Amino acid sequence: MTDESARIATAADAIRSRLEGRRPAALLVLGSGLGGFADRLEQPVRIPWAEIPGFPPPTVPGHDGVLVLGRVGGREVLAQAGRFHMYEGHPAQVVALPVRVAAALGAGTLLVTNAAGGVRRTFAPGALMLIADHLNLTGRNPLIGLVLPGEERFPDMSAAYDPGLRAVARAVARAHGIALEEGVYEGLLGPTYETPAEVRMLERLGADAVGMSTVMEVIAARARGLRCLGISTITNLAAGISASPLSHAEVMETAARVRDDFGRLLEGILARLD
Ligand code: HPA
């Protein structure tokens, strides 16, 4: 067994011992300012990262650092409030660890959310964007190294964001009267926000939104055959598109403003997972 497989198995065993036989159907990763959704789960079992071997402590304000197993929309879901980022100094494998652990616990779906800057010029802060595809410009990949058991060496990424789940998300948004855009998410390392020149470059590359997360998690999930759905909250216009400087406070404020629509959308999607 490789060190990484041992780490995944140890964390999964520690979590499983707390779940009383319950099995999550999906892992729901809650991005910056969106962690409050975990409070909506019924019959919750809360497991702080500090109690999970191999999970480093959180370092970013607004990222809670807890896993919550609970029921929502009639489904057992493992919600991850907060995540690991490479800008905190974590290797890609640590960023992808919760996904691999959730897969080991039986989850077949990854629902990933994030806060992102709007690159598409028609986006307004507060818009919700279904991720149609991503650009991985981090230069990193969680699959580098030995192939882990249950993973593929060369995973196909041509439909990384599941077309069926995206259709469900659009239908739920329509039914609730929630505006849902769709576009390409650009994943960068951070932690600096982009320069205006970088944002112009991203625009030319085909990005609609930019952030510092998500791509490692989706890559690891695809390597294990999980179906993925991603939703970005456009918390601000990317640098140079708006005249005002970017701040983490603005990101958190906008995420709080869209909480209700975001919650209804997620709950509706979870209720319709097969
Ligand atoms: N850039 C990168 N990451 C982000 C942004 C941004 O403008 N907003 C929220 N996360």
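Let me sum up the structure you'll find in this document. (Residues numbered from 1 in each chain as written. Predicted model: local features only at pLDDT ≥ 70, side-chain atom pairs only at ≥ 80, totals over all residues. Heavy atoms only, no water.)

**Things to note about the side chain of Thr 254**
Inference 1: Inspection of the secondary structure puts Thr 254 in helix H6 (residues 248-257).
Inference 2: Separated by 2.8 Å, the side chain of Thr 254 and the backbone oxygen of Thr 235 make a polar contact.
Inference 3: With residues up to four places along the chain from it excluded, the contact list for Thr 254 reads Pro 125, Gly 126, Ile 234 and Thr 235. (Helix = DSSP H or I, 4+ residues; strand = E, 2+ residues; numbered from the N terminus. Polar contact = N/O pair within 3.5 Å; in protein donor to acceptor, adjacent residues only side chain to side chain. Contact = heavy atoms within 4.5 Å.)

**Comments concerning helix H2 (residues 92-104)**
Inference 1: Between its first and last C-alpha atoms H2 spans 18 Å; for 13 residues at 1.5 Å apiece the expected length is 18 Å, and the two agree.
Inference 2: When you tally the buried positions in H2, you get 11 out of 13 residues, the bulk of the element.
Inference 3: Of all the positions in H2, only Ala 92, Val 94, Val 95, Ala 96, Leu 97, Pro 98, Val 99, Arg 100, Val 101, Ala 102 and Ala 103 are classed as buried.
Inference 4: Lining the buried residues of H2 we find helix H1 (3-16), strand E1 (26-30), strand E4 (75-81), strand E5 (109-118) and helix H5 (215-223).
Inference 5: Positioned one or two residues after H2, Gly 106 has a phi angle of 110°, which is positive. (Expected span 1.5 Å × (residues − 1). Buried < 20%, exposed > 50% of the residue type's maximum accessible area, 1.4 Å probe, protein only.)

**Let's talk about the pattern of salt bridges**
Inference 1: Summed over all chains, the structure comprises 16 salt bridges.
Inference 2: A salt bridge links Arg 22 to Glu 76, with the shortest nitrogen-to-oxygen separation between them at 3.0 Å. Highlighted residues: Arg 22 in the loop between H1 and E1 and Glu 76 in strand E4, separated in sequence by 54 residues.
Inference 3: Overall, the relative accessible area of 19% leaves Arg 22 in the buried class. (Salt bridge = Lys/Arg side-chain N within 4 Å of Asp/Glu carboxyl O.)

**Notes on the packing of H2 against H5**
Inference 1: At their nearest, the axes of H2 and H5 sit 8 Å apart, and the two run at 55° to each other. With respect to their mutual orientation, H2 and H5 come out oblique. H2 and H5 meet at a crossing whose hand is right-handed. The segment H2 lies against H5, with Ala 92, Val 95, Ala 96, Val 99 and Arg 100 engaging Met 216, Glu 217, Ala 220 and Ala 221.
Inference 2: Looking at the contact of H2 with H5 residue by residue, the class counts come to seven nonpolar, no polar and two charged. (Axes fitted to C-alpha atoms, helices over the stretch in contact; angles between N-to-C directions. Parallel < 35°, antiparallel > 145°, perpendicular 65-115°, else oblique. Left-handed = near helix turned anticlockwise from the far one by under 90°. Nonpolar A, V, L, I, M, F, W, Y, C, P; charged D, E, K, R; others polar.)

**Quick look at the nonpolar core**
Inference 1: In terms of nonpolar packing, the biggest core is built from 48 residues, with Ile 15, Ile 52, Phe 55, Val 101 and Leu 110 touching the most fellow members.
Inference 2: With nine residues, H2 is the single largest residue contributor to this core.
Inference 3: Not counting chain neighbours up to four residues away, the residues in contact with Val 101 comprise Ile 8, Ala 11, Ala 12, Ile 15 and Phe 55.
Inference 4: Within the second largest apolar cluster, 32 residues are counted, among which are Leu 30, Ala 38, Ala 79 and Val 168. (Core = buried A, V, L, I, M, F, W, Y, C linked by side-chain atoms within 4.5 Å.)

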